[in-house]
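The chain contents come next:
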Amino acid sequence: MFVEERQALILEELHEKGKVRVKELSERFQVSEDLIRKDLTALEEKGQLKKAYGGAVMVKENVHRKIAAQRKHVHTAEKQRIAEKAMSMIQNGDIIFLDISTVNIELAKLLNNGTKKITIVTNMLDVMNLLVKSDMSVIFIGGELDYGRDGFIGSLAMEMVKNFRFDKAFMGVVGVDVHENAVMTYMANDGMMKKAIIKRSRNSYMMCEEEKFTQLGNYTYAELEDFTGVITNQQPAKDVCKAFAEHDLQLYYA
């Protein structure tokens, strides 16, 4: 087997499982562990993986801060599938929170066209604008406009949130690192707001496209066990699913 062919198969297994181990690769390809380590070093130098103790993991992309207007038309089909799954989990009589997340724009559209009798609390301007003529009870959280002017955060917004008790909160994320047990967003002030929402919610759900399990944000606002579940558009890599199970996190995907 050529070196290039073996390295391509290593990357294929890495993308399937999320991580690879030197010993297992050595046994699979019937070559020495030193040769596998050289393969991993070569692939790391090309930016295709990151070496870790005993093997390698996928490279995490550090996502730069973007406002909702820059993100709302990206991966729309995936977001719609996530929103449809979230919609099926909402029951009449629920008090739900929709935070600043482009997936929640899609969920708000479904709720606006549906017949569920619920109360929606939100701090996102796009969500409020979609629901302004809705028959549902809608409560808007005010405060300080965030960086992207997408919604409200800050001490006043958090003080308002402290007076509620939500049945379900649907939360946006920028990146999830299951190996570091970290759920991330762009900025600290947005993270503090998300943390306050989770604290006042009986059930909290991450809503994110599958690609966000290989992305990093700038601020960790929660650990995996802080959530009830995660809603995504397709089954994640095996190591991600395993981490969710270990942290008793229910996985939902379309």
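Let me sum up the structure you'll find in this document.

1. Brief notes about helix α1 (residues 3-17)
Right, on to step 1. For α1, spanning 15 residues, the distance from its first C-alpha to its last is 21 Å, which sits close to the expected 21 Å at 1.5 Å a residue.
Right, on to step 2. Those residues of α1 that sit buried are R6, Q7, I10, L11, E13 and L14. Down the axis of α1, the buried side of the element spans an arc of 165 degrees, and every buried residue falls inside it. In this structure, α1 carries E4 and E12 as exposed residues pointing more than 90 degrees from its buried face.
Right, on to step 3. Packed against the buried residues of α1 are β1 (19-21), α2 (22-29), α3 (33-45) and β3 (55-57).
Right, on to step 4. G18 sits one or two positions beyond α1 and adopts a positive phi of about 90 degrees.

2. Looking at the pattern of salt bridges
Right, on to step 1. Evaluation of the coordinates by the stated rule reveals 11 salt bridges.
Right, on to step 2. We note a salt bridge from R28 to E13, for which the minimum N-O separation is 2.4 Å. In this pair, R28 is assigned in helix α2 and E13 in helix α1, connecting sequence segments 15 residues apart.
Right, on to step 3. Under the relative-accessibility criterion, R28 is labelled partly exposed at 43%.
Right, on to step 4. Of the charged contacts in the structure, one is a salt bridge between K168 and D94, with a shortest N-O distance of 2.5 Å. Placement of the pair is K168 in strand β10 (residues 166-172) and D94 in the loop between α5 (76-88) and β5 (95-98), with a sequence separation of 74 residues. For the pair K168 and D94, one class covers both residues: buried.
Right, on to step 5. Each of E33, D34 and R37 takes part in salt bridges that share partners, so that together they form one network.

What counts, and where the lines are drawn
- Residues numbered from 1 in each chain as written.
- Predicted model: local features only at pLDDT ≥ 70, side-chain atom pairs only at ≥ 80, totals over all residues.
- Heavy atoms only, no water.
- Helix = DSSP H or I, 4+ residues; strand = E, 2+ residues; numbered from the N terminus.
- Expected span 1.5 Å × (residues − 1).
- Buried < 20%, exposed > 50% of the residue type's maximum accessible area, 1.4 Å probe, protein only.
- Arc of directions from axis to C-beta.
- Contact = heavy atoms within 4.5 Å.
- Salt bridge = Lys/Arg side-chain N within 4 Å of Asp/Glu carboxyl O.

Shape descriptors only; they carry no functional weight alone.
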